[in-house]
Amino acid sequence: MSFSEQVYQELAAVVGERNISREEYVLAGNRAKTPEIPFAHPSPEAIVLPGSTEEVAEIVRICNRCGIKYVAVVTGCIPSAYATGEDTIIIHLKRMNRIVEINDKDRYALIEPGVRHVQLYPEVRKRGLSYAAAAVGPGGSPLVTYSCTGGDNHVQYGTSRPSRYLLGVELVTPEGEILRTGSLQTDSGWFCPESPGPSLRGVVRGYSGNSGKVGIVTKCAIALDMCKGPAEIRREGITPHHKMIMDSDCSRVYVFNYENIQDVCDAIIALGENEIGATVQKYFYLPLTLMMTNSANEFWEKWDTYKEVMSMPLVVHLAAHSVREREYEEKILFDIINETHGTRIPREYEQWWEDHMDYFMIVSRLQSVLRLGGSWLPIKTGAESVQHMCDVGESIGEFIHDFTNTGKIFNAPENYQIIPMEYGHFASIELLFMWDRFDPDGFKNMAEFCAASRESDLKKHYHASPIMGYGKRAEKQGVLYSNCHIWAQLIYEAYNPYIGQ
Amino acid sequence: MLFPENTEQVQEIIRNAREAGRGLVPLSSEPSHFHGASVNPNAETVCFSRMNRVMKIDRRSRYARVEAGVTFGALIPLLAEQGLRLNLPFLARAGKSAAASALEREAVLIPKYQYDYPDPLLTVETVFGTGDMFRTGSAAGPGSYEASKADKILPWGPGSIDYLRFLSGAQGTIGFVTWATLKAEVLPSASRLFFIAAENAETLTDLANTLLRKRIPDECIIMNREDFAAAFGDNEAEEQTLRGVSPWIMLCRVCGYDRYPEERVDIYDGYVRDACSEVGLNAETSCSLLPGLEERIERMLTDCDRREKSWKLRLGAEQELLLLAAPSKASELIALIESELPDAGIIVQPQVQGRAFRIECNLRFEDKPGETEKYEAVLFELAKKLADKGAYFDRPYGRLTELVYNEPLSVDAMKRLKTIFDPDGILNPGKLCF
């Protein structure tokens, strides 16, 4: 059955006339192409805005009965958040934006999909708590980060990935049922992600999320950590030229530069062994220069200098419970930096970090990365041991110059970040590259570079480019990963009888 | 009983059993077996005692990879030689399989190193009920085990499914694990153990909540006097003496690592004392009930239990009840156990950074006919009352399955999993809801 007036009216009866639309100007806003993809998405038939889990379930049941496809969306930041064919509606979850509960004693926040980082983070911080906000900016949805997508973040050194922090989950299954996982399965609250026995939590997300293939997550609890530092931080200036300054004698930011990645690796491992620092990361110099400058012109003026001063920057945020502890951590930090041949960057550059402590919370300046007007893409995005990720980083030089030297991508060969997790037990890597989106060959160049990166990883047997997709699409890689594409397909088919339709 | 020596043999055993429609149950630890997960009258036992190789210990990336039959007793000294330690369960039996312990989500002593419930389990190789071999997380690939250059330690995936969670807590119903990678931590260079006594459990669970949200202690465990005496006393007379301790006691250790270890211990000592004084408690570094008790306890907290007989079986037999509680529920549940069974031993272990408590109720008794059944029934009745108050039985053994598998939709969802990985239901049949 195709989308019809009758289907529209049925959906309207669920959410109310105010919360459904098929106006052309509304549909247009929900098929906009993203800059890095040079083609428009097909138009959805309608946009539906449910206000509750029960309404989502009812919508799904109507879609199933009428043969209508649907895509659940919150921010629309990723290409898969759009209709990909005809007879598809968008279930937009932005009305479901309640912070249902922040439980101080049990340290979790119970949230709906439409809650944004900018909404949740200040609320938990007021209570002396924090969580790992993914590097997606303040407008990102914590629920999506934790349950549906990836989620590397800038504070994972002292904490971890969202994979560790997703607790109880409520989701509407593809069959339109409301399923609750973990301790919710026995009405014991939201605090534990594990089912009694084998855990259904494993179906919800793995390294990455599965972008709604097994259902629409309508609520989830995420674990919170204690926040070291004041409940509120001081602001100066007006956005986007603001400063966010943490006035705390227990907190300091240091930035060191290195000449080779193996020294960085040694430093990260030694810091982790001694449990020093709240945040440690080998950052990438291109986004850093973009964040530290206020215009494209200023970027081009300073790029040559900045990329030399911060060619391989190691950013360390110390956050202690006391001044004495901070001094103790500083002592160890400087010992390690000396032993690993790091050099502290000039204070004028380092000061930027002290003035922008919001970076360590909700990464509010990330949008500056888009300022040059090109397209950009993060690749690799895998994780493993710190040593393995540094080896992967070192190998980038073996294939990137074919692309940078010919102008196919922006000339920034060391533009990858490595962020350790759990005090150096693991680390993630992200190779961010940019290209000219007005170049007729830009999209092709991008695809070639992605292929070269993946090929390099597979050839060297590096675990750095996570396997994506399922079934036939993932077959070529899946055979190299314990045939996981076969198991993933069986799981998706078991939980989603409509998958592939 | 079948004794495979490698993964290929495990695959062959499972394929043969599948063809014959025969049940199999895995066994990795030496006796005694407490929970019954490895006992199944409807299945042949697959004993992993010959798969006992320590495959790798990596100091730099801090992990150990061990076959299923490697015991705590064998592994702990090998790790210590390289300056590493495991996040251990409390008085783990020396003959307990390190992999099985982690797979069973046994409570660990150092909550700050536990970010998630399966921690310290990182990756595993398993043979599913189909006979297929599979490796989880970054152990999956790319390429064969030998070809992959990864350390094979990342727990999640491969891809968007968390396969490790299907095996964790599954009591061998999804796949038989042949090896596991376990997270290891730096062996401390300095430490200080505190005894914090209290009249009730709530004061100590609140204190644990305060300390752990700041990641202050390494080991942290709360016990009532019954279990304190039974665990640390070596005989009846010592037990009697140790019952002189306060009704509740927290043992908590702060540590220093490679660099300036004493300085870290001093700083963290101050944090413990400050937190205690805020709630009117004292953090003592000595306990004078027995000579040398402090050293004995510190040694026992950092090793497995190498005594010939388990402390839980000193009277002959025991029954125990394990549950999880959110911090806000813990004191109410403990109070209920105390009121229902005043003589029971109780251990309360903060888990996952202190965001949950594993509560263990222990009943020890003489091994006489009918006694086990009697106490089993007592604990089952208690479990029902605890469940009504919000206790979560995430590791349901025996009759507890009756309490946890009542919600049809989630049970159906779990059965779909079982059908994928063990379509003929040959792995530990009859356990859990399968």
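Residues numbered from 1 in each chain as written. Chains lettered and ligands numbered in written order. Predicted model: local features only at pLDDT ≥ 70, side-chain atom pairs only at ≥ 80, totals over all residues. Heavy atoms only, no water.

J.: Explain the packing of aromatic side chains here, please?
T.: The tally for this structure, following the rule as stated, stands at 40 aromatic pairs over all chains. Pairing A:Tyr121 with A:Tyr131 gives two aromatic rings, centres 5.6 Å apart and planes at 50°, and the pair type is tilted. Placement of A:Tyr121 in helix H4 (residues 117-126) and of A:Tyr131 in the loop between strand E7 (129-130) and helix H5 (142-147) is noted, with a sequence separation of ten residues between them. Residue classification places A:Tyr121 among the buried residues on the basis of a relative accessible area of 5%. Each ring, one from A:Tyr306 and one from A:Tyr349, has its centre 5.1 Å from the other, and the planes form 85°; the classification is edge-to-face. Placement of A:Tyr306 in helix H10 (residues 296-309) and of A:Tyr349 in helix H12 (residues 347-355) is noted, with a sequence separation of 43 residues between them. Residue A:Tyr349 is classed as buried on the basis of its relative accessible area of 9%. Among the aromatic residues, those joined into a ring-pair cluster are A:Tyr283, A:Phe284, A:Trp352, A:Trp353, A:Tyr359 and A:Phe360. One cation-aromatic arrangement involves A:Lys331 over B:Tyr260; the distance from NZ or CZ to the ring centre is 4.4 Å. Just above the ring of B:Tyr268 sits the side chain of B:Arg264; from NZ or CZ to the centre is 3.9 Å. (Phe/Tyr/Trp six-rings, centres within 6.5 Å; stacked < 30°, edge-to-face > 60°. Helix = DSSP H or I, 4+ residues; strand = E, 2+ residues; numbered from the N terminus. Buried < 20%, exposed > 50% of the residue type's maximum accessible area, 1.4 Å probe, protein only. Lys NZ or Arg CZ within 6 Å of the ring centre and 35° of its normal.)

J.: Sorry if this is basic, but what is going on with empty space enclosed by the protein here?
T.: Where empty space is left in the structure can be found by rolling a water-sized probe over the atoms. One pass over the structure, following the stated rule, counts nine cavities of 30 Å³ or more. One number sums up the size of the largest cavity: a volume of about 460 Å³. Lining the largest cavity are 29 residues; nearest its centre among them are A:Thr159, A:Met226, A:Cys227, A:Lys228 and A:Ala278. Secondary-structure elements contributing two or more residues to the lining of the largest cavity are H4, strand E11 (225-226) and strand E16 (313-319) of chain A together with helix H5 (201-213) of chain B. Here the residues of the lining of the largest cavity sort into 15 nonpolar, seven polar and seven charged. (1 Å grid on protein atoms, 1.4 Å probe; cavity = no way out; pocket = protein on both sides within 12 Å on 5 of 7 lines; lining within 4 Å. Points joined across faces, edges and corners; volume = space filled by probe spheres on them. Nonpolar A, V, L, I, M, F, W, Y, C, P; charged D, E, K, R; others polar.)

J.: Teacher, can you tell me more about the sheet that holds strand E15 (residues 356-366) of chain B here?
T.: What links the strands of a sheet is backbone hydrogen bonding, and the strands pair in either a parallel or an antiparallel sense. Residue and element names in this part refer to chain B. Across the sheet, seven strands lie side by side as E12-E9-E11-E10-E14-E15-E13; this open sheet has antiparallel pairing. The open sheet has two edge strands, strand E12 (283-284) and strand E13 (316-325), and neither has a second partner. The pairing of strand E10 (residues 220-224) with strand E11 (residues 248-256) spans five bridges and is antiparallel. For Met 223, the partnering residue across the bridge sits in E11 and is Ile 249. Against the sheet, helix H11 (residues 371-388) contacts E13 and E15, and its axis sits at roughly 10° relative to E13. (Pairing = 2+ DSSP bridges. Contact = heavy atoms within 4.5 Å. Axes fitted to C-alpha atoms, helices over the stretch in contact; angles between N-to-C directions.)

J.: Got a minute to help me understand unusual backbone geometry in this structure?
T.: All names here are of chain B. That bond from Gly 141 to Pro 142 is cis: its omega, 10°, falls within 30 degrees of zero. Its location among the elements puts Pro 142 in the loop between strand E7 (133-135) and helix H4 (164-167). Look at the link from Gly 157 to Pro 158: it is a cis peptide, with omega at 10°. Relative to the helices and strands, Pro 158 resides in the loop between E7 and H4. The backbone phi angle of Leu 91 is positive, close to 45°, even though this residue is not glycine. Note that Leu 91 resides in the loop between strand E5 (84-86) and helix H3 (98-103). Relative accessible area serves as the criterion here: at 5%, Leu 91 is assigned to the buried category. Even without glycine at this site, Tyr 260 takes up a positive phi of about 45°. Within the secondary structure, Tyr 260 sits in the loop between E11 and helix H8 (261-278).

J.: For this particular structure, what's the right way to read the pairing of strand E14 (residues 345-351) of chain B?
T.: Sheet faces and side chains relate simply in a regular strand, where the side chains alternate between the two faces. All names here are of chain B. Among the seven residues in E14, seven count as buried, and that is most of the element. Of the two faces of E14, the one holding Gly 345, Ile 347, Gln 349 and Gln 351 and the one holding Ile 346, Val 348 and Pro 350 are both buried throughout. Relative to E14, E10 is paired through two bridges, and the arrangement is antiparallel. Each residue of the ladder has a partner; that of Met 223, found in E14, is Ile 347. Relative to E15, E14 runs antiparallel, the two sharing seven bridges. Opposite Pro 350, over in E15, you have Phe 357 as the bridge partner. Connecting E14 to the next strand, E15, in antiparallel fashion are four residues, including Val 352 with a positive phi near 30°.

J.: How should the pairing of strand E14 (residues 251-257) of chain A be read in this particular structure?
T.: Residues and elements named next belong to chain A. Of all seven residues in E14, six are buried; the element is thus mostly enclosed. As defined by bridge partners, E14 adjoins E16 across seven bridges and the pair is classed as antiparallel. The partner of Tyr 254 across the bridge, within E16, is Val 316. Two strands pair when backbone bridges link them, and E14 and strand E17 (residues 343-344) are joined in this way by two bridges, in the antiparallel orientation. Bridging from a neighbouring strand, Asn 257 pairs with Thr 343 of E17.

J.: Looking at this structure, I do not really get the packing of helix H9 (residues 285-292) of chain A against H10(A). What am I missing?
T.: When two helices pack together, their arrangement is given by the angle between the helix axes and by the axis-to-axis distance. All names here are of chain A. Contact geometry of H9 with H10 gives a least axis separation of 10 Å together with a crossing angle of 135°. With respect to H10, the element H9 is oriented oblique. Regarding H9 and H10, the two cross each other, and that crossing is right-handed. Contacts between H9 and H10 involve Tyr 285, Leu 286, Thr 289, Leu 290 and Met 292 on the former and, on the latter, Glu 298, Phe 299, Trp 303, Tyr 306 and Lys 307. (Parallel < 35°, antiparallel > 145°, perpendicular 65-115°, else oblique. Left-handed = near helix turned anticlockwise from the far one by under 90°.)

J.: Please clarify how the interface of chain B and chain A should be interpreted in this entry.
T.: For interface size, the figure often reported is the accessible area lost on association. If you look at the interface, chain B gives 96 residues, while chain A gives 92 residues. With both sides pooled, the region where chain B packs onto chain A buries about 8,200 Å², and carbon together with sulfur makes up 56% of that total. In this structure, the connection of chain B to chain A is made through 15 salt bridges. Between B:Arg213 and A:Asp104 there is a salt bridge whose closest N-O contact spans 3.1 Å. For the pair chain B and chain A, the interface holds 58 residue pairs in polar contact (both at pLDDT 80 or more). A total of eight residues in the side of chain B that touches chain A trace back to one element, the largest contributor, which is helix H13 (residues 408-421) of chain B. Looking at side-chain class alone, the side of chain B that touches chain A contains 48 nonpolar, 19 polar and 29 charged residues. (Buried area = accessible area lost by both parts, 1.4 Å probe. Salt bridge = Lys/Arg side-chain N within 4 Å of Asp/Glu carboxyl O. Polar contact = N/O pair within 3.5 Å; in protein donor to acceptor, adjacent residues only side chain to side chain.)

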